[in-house]
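Below, each chain spelled out in residue letters.
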Amino acid sequence: MARAQGVPIVSIATLFQHNTSGFAAPSDRAIDGPEDFEGLRYGGWGSDLEAVMIETVMRAVGADSDSVTMINIGMLDFITAVRRDVADFFWVFYGWQGIHAQLQGVAFDFLPLPELADVLAYYTPVIVTNERTIERSPETVRRFLRALTRGYSYAVLHPMEAAQLLLDQVPELDPELVRASQAWIAGETSDELDRWGYQQAEGWRRFAAWSLENGLIDRPIDPEAAFTNRFLPKVGEG
(Lines give C-alpha, C1' and ligand atoms only; values in the text may rest on other atoms or scores of the structure.)
Protein backbone atom coordinates (compact mmCIF):
# COMPACT_ATOMS: atom_id res chain seq x y z
CA MET A 1 0.00 0.00 0.00
CA ALA A 2 2.87 2.36 0.80
CA ARG A 3 4.55 1.75 -2.55
CA ALA A 4 1.28 2.36 -4.40
CA GLN A 5 1.30 5.80 -2.75
CA GLY A 6 4.86 6.48 -3.84
CA VAL A 7 6.50 5.74 -0.47
CA PRO A 8 9.80 4.02 -1.40
CA ILE A 9 10.04 1.47 1.39
CA VAL A 10 11.40 -2.03 0.88
CA SER A 11 10.82 -5.14 2.98
CA ILE A 12 14.22 -6.62 3.83
CA ALA A 13 13.15 -9.52 6.06
CA THR A 14 10.06 -11.29 7.37
CA LEU A 15 9.93 -12.39 11.00
CA PHE A 16 7.98 -15.53 10.14
CA GLN A 17 7.73 -17.72 7.07
CA HIS A 18 3.99 -18.02 7.60
CA ASN A 19 1.26 -15.67 8.78
CA THR A 20 0.58 -16.41 12.46
CA SER A 21 -2.50 -14.19 12.69
CA GLY A 22 -6.13 -15.14 12.31
CA PHE A 23 -9.71 -14.52 13.33
CA ALA A 24 -10.57 -15.31 16.93
CA ALA A 25 -13.95 -15.50 18.64
CA PRO A 26 -15.19 -16.55 22.08
CA SER A 27 -16.01 -20.25 22.01
CA ASP A 28 -19.70 -19.64 22.64
CA ARG A 29 -19.94 -18.04 19.18
CA ALA A 30 -19.25 -21.52 17.73
CA ILE A 31 -17.19 -20.33 14.78
CA ASP A 32 -15.91 -23.20 12.65
CA GLY A 33 -15.41 -21.28 9.40
CA PRO A 34 -16.10 -17.97 7.62
CA GLU A 35 -19.70 -19.01 6.97
CA ASP A 36 -20.30 -18.57 10.70
CA PHE A 37 -19.41 -14.86 10.50
CA GLU A 38 -22.85 -14.13 9.03
CA GLY A 39 -24.84 -11.77 11.26
CA LEU A 40 -21.95 -11.25 13.69
CA ARG A 41 -20.09 -8.13 14.84
CA TYR A 42 -16.43 -7.75 13.84
CA GLY A 43 -14.23 -5.67 16.13
CA GLY A 44 -11.21 -4.08 14.47
CA TRP A 45 -9.45 -0.79 13.91
CA GLY A 46 -11.40 0.33 10.87
CA SER A 47 -8.95 -0.44 8.06
CA ASP A 48 -10.09 -1.26 4.53
CA LEU A 49 -7.86 -4.34 4.65
CA GLU A 50 -9.97 -5.93 7.38
CA ALA A 51 -13.22 -5.50 5.45
CA VAL A 52 -11.70 -6.93 2.25
CA MET A 53 -10.22 -9.90 4.10
CA ILE A 54 -13.59 -10.76 5.62
CA GLU A 55 -15.35 -10.32 2.29
CA THR A 56 -12.78 -12.54 0.55
CA VAL A 57 -13.02 -15.47 2.95
CA MET A 58 -16.80 -15.29 3.23
CA ARG A 59 -17.33 -15.02 -0.52
CA ALA A 60 -15.20 -18.15 -0.99
CA VAL A 61 -17.72 -20.19 1.00
CA GLY A 62 -20.83 -18.49 -0.39
CA ALA A 63 -21.53 -16.46 2.75
CA ASP A 64 -22.91 -12.91 2.89
CA SER A 65 -20.24 -10.50 4.13
CA ASP A 66 -22.76 -7.61 4.08
CA SER A 67 -24.40 -9.20 7.10
CA VAL A 68 -21.29 -8.53 9.23
CA THR A 69 -21.41 -5.38 11.37
CA MET A 70 -18.02 -3.66 11.37
CA ILE A 71 -17.15 -2.02 14.70
CA ASN A 72 -14.06 0.16 15.19
CA ILE A 73 -12.70 -0.73 18.62
CA GLY A 74 -9.40 1.12 18.17
CA MET A 75 -6.56 -0.34 20.22
CA LEU A 76 -8.78 -2.16 22.71
CA ASP A 77 -7.10 -5.49 23.44
CA PHE A 78 -8.68 -8.84 22.62
CA ILE A 79 -9.36 -9.98 26.18
CA THR A 80 -10.94 -6.69 27.26
CA ALA A 81 -13.06 -6.58 24.09
CA VAL A 82 -14.31 -10.12 24.71
CA ARG A 83 -15.12 -9.48 28.36
CA ARG A 84 -16.99 -6.29 27.49
CA ASP A 85 -18.80 -8.06 24.64
CA VAL A 86 -18.08 -5.22 22.21
CA ALA A 87 -17.94 -7.59 19.22
CA ASP A 88 -18.13 -11.26 18.29
CA PHE A 89 -14.88 -11.90 16.41
CA PHE A 90 -11.52 -10.21 16.03
CA TRP A 91 -8.23 -10.34 14.14
CA VAL A 92 -5.34 -11.33 16.44
CA PHE A 93 -1.76 -12.53 16.38
CA TYR A 94 -1.90 -15.89 18.12
CA GLY A 95 1.66 -15.73 19.45
CA TRP A 96 0.81 -12.85 21.81
CA GLN A 97 -2.92 -12.14 22.03
CA GLY A 98 -3.91 -15.77 21.67
CA ILE A 99 -1.42 -16.94 24.28
CA HIS A 100 -2.53 -14.13 26.61
CA ALA A 101 -6.16 -15.19 26.29
CA GLN A 102 -5.25 -18.79 27.10
CA LEU A 103 -3.38 -17.72 30.22
CA GLN A 104 -6.35 -15.62 31.30
CA GLY A 105 -8.75 -18.52 30.88
CA VAL A 106 -10.61 -17.00 27.93
CA ALA A 107 -11.99 -19.84 25.79
CA PHE A 108 -11.86 -18.98 22.11
CA ASP A 109 -11.80 -20.48 18.62
CA PHE A 110 -9.08 -19.46 16.19
CA LEU A 111 -9.10 -19.56 12.39
CA PRO A 112 -5.57 -19.01 10.98
CA LEU A 113 -5.64 -16.67 7.96
CA PRO A 114 -3.48 -18.93 5.71
CA GLU A 115 -6.04 -21.72 6.13
CA LEU A 116 -8.86 -19.45 4.95
CA ALA A 117 -7.31 -18.16 1.72
CA ASP A 118 -3.92 -18.57 0.02
CA VAL A 119 -3.61 -14.82 -0.52
CA LEU A 120 -3.74 -14.27 3.24
CA ALA A 121 -0.57 -16.30 3.75
CA TYR A 122 1.34 -13.06 3.29
CA TYR A 123 4.44 -12.09 5.27
CA THR A 124 3.77 -10.31 8.53
CA PRO A 125 5.38 -8.63 10.36
CA VAL A 126 8.22 -7.51 8.10
CA ILE A 127 11.32 -5.37 8.60
CA VAL A 128 11.46 -2.42 6.22
CA THR A 129 13.91 0.25 5.18
CA ASN A 130 13.84 2.79 2.36
CA GLU A 131 15.46 2.81 -1.04
CA ARG A 132 17.75 5.71 -0.09
CA THR A 133 19.25 3.77 2.82
CA ILE A 134 19.78 0.73 0.59
CA GLU A 135 21.51 2.88 -2.01
CA ARG A 136 23.64 4.94 0.37
CA SER A 137 24.34 2.53 3.22
CA PRO A 138 24.02 -1.07 2.00
CA GLU A 139 26.61 -2.33 4.48
CA THR A 140 24.60 -0.87 7.37
CA VAL A 141 21.55 -2.79 6.19
CA ARG A 142 23.61 -5.96 5.83
CA ARG A 143 25.16 -5.67 9.29
CA PHE A 144 21.81 -4.86 10.87
CA LEU A 145 20.22 -7.96 9.39
CA ARG A 146 23.18 -10.10 10.38
CA ALA A 147 22.71 -9.01 14.00
CA LEU A 148 18.94 -9.40 13.83
CA THR A 149 19.25 -12.92 12.42
CA ARG A 150 21.59 -13.87 15.25
CA GLY A 151 19.16 -12.46 17.78
CA TYR A 152 16.14 -14.27 16.41
CA SER A 153 18.08 -17.51 16.07
CA TYR A 154 19.17 -17.25 19.69
CA ALA A 155 15.60 -16.56 20.80
CA VAL A 156 14.33 -19.66 19.00
CA LEU A 157 17.10 -21.93 20.28
CA HIS A 158 17.06 -20.48 23.82
CA PRO A 159 13.50 -19.23 24.37
CA MET A 160 13.56 -18.92 28.15
CA GLU A 161 16.91 -17.13 28.19
CA ALA A 162 15.68 -14.78 25.47
CA ALA A 163 12.47 -14.13 27.39
CA GLN A 164 14.50 -13.22 30.47
CA LEU A 165 16.65 -10.82 28.45
CA LEU A 166 13.47 -9.03 27.37
CA LEU A 167 12.09 -8.97 30.91
CA ASP A 168 15.36 -7.53 32.20
CA GLN A 169 14.94 -4.58 29.87
CA VAL A 170 11.14 -4.23 30.12
CA PRO A 171 10.28 -5.46 33.63
CA GLU A 172 6.70 -4.13 33.47
CA LEU A 173 5.76 -6.92 31.04
CA ASP A 174 3.92 -9.98 32.32
CA PRO A 175 6.66 -12.62 32.86
CA GLU A 176 4.30 -15.57 32.38
CA LEU A 177 3.02 -14.15 29.10
CA VAL A 178 6.50 -13.32 27.79
CA ARG A 179 7.80 -16.82 28.52
CA ALA A 180 4.74 -18.61 27.15
CA SER A 181 4.70 -16.45 24.04
CA GLN A 182 8.38 -17.02 23.32
CA ALA A 183 8.03 -20.76 23.83
CA TRP A 184 5.18 -20.85 21.29
CA ILE A 185 7.05 -18.69 18.77
CA ALA A 186 10.15 -20.85 19.12
CA GLY A 187 8.10 -23.94 18.38
CA GLU A 188 6.55 -22.32 15.32
CA THR A 189 9.86 -21.22 13.82
CA SER A 190 12.42 -23.80 14.92
CA ASP A 191 12.39 -25.53 11.53
CA GLU A 192 12.70 -22.23 9.62
CA LEU A 193 15.96 -20.91 11.03
CA ASP A 194 18.00 -21.77 7.96
CA ARG A 195 15.85 -19.38 5.93
CA TRP A 196 14.96 -16.81 8.57
CA GLY A 197 13.83 -13.56 6.95
CA TYR A 198 13.61 -15.00 3.43
CA GLN A 199 10.70 -13.90 1.24
CA GLN A 200 9.38 -15.40 -1.99
CA ALA A 201 8.16 -13.33 -4.91
CA GLU A 202 5.00 -15.36 -5.44
CA GLY A 203 3.48 -14.26 -2.15
CA TRP A 204 4.16 -10.62 -2.96
CA ARG A 205 2.75 -10.95 -6.48
CA ARG A 206 -0.39 -12.67 -5.22
CA PHE A 207 -1.05 -10.11 -2.50
CA ALA A 208 -0.36 -7.14 -4.78
CA ALA A 209 -2.78 -8.44 -7.41
CA TRP A 210 -5.45 -9.11 -4.78
CA SER A 211 -4.97 -5.64 -3.30
CA LEU A 212 -5.44 -4.01 -6.70
CA GLU A 213 -8.43 -6.16 -7.58
CA ASN A 214 -10.16 -5.27 -4.31
CA GLY A 215 -9.39 -1.55 -4.34
CA LEU A 216 -6.85 -1.56 -1.50
CA ILE A 217 -4.40 0.12 -3.88
CA ASP A 218 -5.37 2.30 -6.81
CA ARG A 219 -2.51 1.46 -9.15
CA PRO A 220 -0.31 -1.58 -9.80
CA ILE A 221 3.04 -1.91 -8.07
CA ASP A 222 6.11 -3.90 -8.96
CA PRO A 223 6.09 -6.71 -6.35
CA GLU A 224 9.73 -7.50 -7.08
CA ALA A 225 10.69 -3.98 -5.99
CA ALA A 226 8.74 -4.21 -2.74
CA PHE A 227 11.13 -6.69 -1.11
CA THR A 228 14.66 -8.02 -1.29
CA ASN A 229 16.61 -10.96 0.16
CA ARG A 230 20.00 -9.62 -0.86
CA PHE A 231 21.01 -8.42 2.60
CA LEU A 232 20.15 -11.57 4.52
CA PRO A 233 23.16 -13.55 5.74
CA LYS A 234 23.86 -16.75 3.90
CA VAL A 235 23.25 -20.03 5.74
CA GLY A 236 26.07 -20.53 8.23
CA GLU A 237 27.34 -16.97 7.92
CA GLY A 238 28.13 -14.89 10.97
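See above for the structure.
Because the structure is predicted, anything quoted here is derived from the model rather than measured. (Residues numbered from 1 in each chain as written. Predicted model: local features only at pLDDT ≥ 70, side-chain atom pairs only at ≥ 80, totals over all residues. Heavy atoms only, no water.)

Caption draft 1: View of the sheet that holds strand S4 (residues 69–72). Here five strands make up an open sheet; going across it, the order is S4-S3-S5-S2-S6 and the pairing mixed. Sheet topology places S4 and strand S6 (108–112) at the edges, where each strand pairs with a single neighbour. Between one strand axis and the next, the sheet turns by 30° as a mean value, whatever way the strands run. Both strand S3 (residues 41–44) and strand S5 (residues 89–93) contribute to a ladder of two bridges, which runs parallel. Residue pairing across strands places Gly-43 opposite Phe-90, the latter belonging to S5. (Pairing = 2+ DSSP bridges. Helix = DSSP H or I, 4+ residues; strand = E, 2+ residues; numbered from the N terminus. Axes fitted to C-alpha atoms, helices over the stretch in contact; angles between N-to-C directions.)

Caption draft 2: Representation of unusual backbone geometry. Note the cis peptide between Thr-124 and Pro-125, where omega equals -10°. Looking at where Pro-125 falls in the secondary structure, it is placed in the loop between helix H4 (113–116) and strand S7 (126–130). In this structure, Ala-30 is a non-glycine residue whose phi angle is positive, near 50°. With respect to the secondary-structure elements, Ala-30 resides in the loop between strand S2 (21–26) and S3. Residue class for Ala-30 comes out partly exposed when judged on its relative accessible area of 45%. The backbone of Asp-85 sits at a positive phi, close to 55°, despite the residue not being glycine. One can find Asp-85 in the loop between helix H2 (78–83) and S5. (Buried < 20%, exposed > 50% of the residue type's maximum accessible area, 1.4 Å probe, protein only.)

Caption draft 3: Representation of the environment of Phe-108 within the structure. Position of Phe-108 relative to the elements: it lies in strand S6. The buried category is assigned to Phe-108, whose relative accessible area is 13%. The spacing of Phe-108 and Ala-24 is 84 residues in sequence and 6.5 Å in space, taken between C-alpha atoms.

Caption draft 4: Seen up close, helix H9 (residues 201–213). In this model, H9 (13 residues) spans 18 Å end to end at C-alpha, consistent with the 18 Å of a helix rising 1.5 Å per residue. Those residues of H9 not exposed but buried are Ala-201, Gly-203, Phe-207, Ala-208, Trp-210 and Ser-211. Contacts made by the buried residues of H9 are with helix H1 (48–60). Gly-215 occupies a position one or two residues after H9 and carries a positive phi of about 75°. (Expected span 1.5 Å × (residues − 1). Contact = heavy atoms within 4.5 Å.)

Caption draft 5: Summary view of the side chain of Gln-182. Among the structural elements, Gln-182 can be located in helix H8 (residues 175–189). Other than its neighbours up to four places away in sequence, Gln-182 contacts Ala-155, Val-156, Pro-159 and Ala-163.

Caption draft 6: Looking closely at the packing of aromatic side chains. Applying the stated rule across the entire model yields 15 aromatic pairs. With 5.8 Å between their ring centres and 75° between their planes, Phe-23 and Phe-89 make a pair best called edge-to-face. Here Phe-23, found in strand S2, pairs with Phe-89, found in strand S5; they are 66 residues apart in sequence, far enough to count as distant. Its relative accessible area of 0% is what places Phe-89 among the buried residues. When the ring of Phe-78 is compared with that of Phe-108, the centres are 5.8 Å apart and the planes differ by 85°; the resulting orientation is edge-to-face. (Phe/Tyr/Trp six-rings, centres within 6.5 Å; stacked < 30°, edge-to-face > 60°.)

Caption draft 7: Broad picture of the pairing of strand S1 (residues 9–14). For S1, the tally of buried residues reaches five of six residues, placing the bulk of the element in the interior. Two strands pair when backbone bridges link them, and S1 and S7 are joined in this way by five bridges, in the antiparallel orientation. Within S7, the position partnered with Ile-9 by the bridge is Asn-130.

Caption draft 8: Up close: a negative patch on the surface. Residues Asp-32, Glu-35, Glu-38, Asp-64 and Asp-66 make up a contiguous surface patch of negative charge. By secondary structure assignment, the location of Asp-66 is in the loop between H1 and S4. On the basis of relative accessibility, which here comes to 72%, the residue Asp-66 falls in the exposed class. (Patch = residues over 30% accessible without salt bridge, like charges linked within 9 Å, V, L, I, M, F, W, Y side chains within 5 Å. Areas by Shrake-Rupley, 256 points an atom, 1.4 Å probe, with all protein chains shown as cover. Salt bridge = Lys/Arg side-chain N within 4 Å of Asp/Glu carboxyl O. Lys, Arg positive; Asp, Glu negative; His and termini not counted. Charge placed at Lys NZ, Arg CZ, Asp CG, Glu CD.)

Caption draft 9: Structural view of the nonpolar core. Of all hydrophobic cores here, the largest spans 26 residues; its most connected members are Phe-23, Phe-37, Met-53, Phe-89, Leu-120 and Trp-210. Elements that contribute at least two residues to this core include exactly S2, H1, S5, H4 and H9. Leave out the neighbours within four places in its chain, and Trp-210 touches Leu-49, Val-52, Met-53, Thr-56, Val-119, Leu-120 and Leu-216. Counting residues in each nonpolar core, the second largest holds 15 residues, with Phe-78, Val-82, Val-92 and Phe-108 among its members. (Core = buried A, V, L, I, M, F, W, Y, C linked by side-chain atoms within 4.5 Å.)

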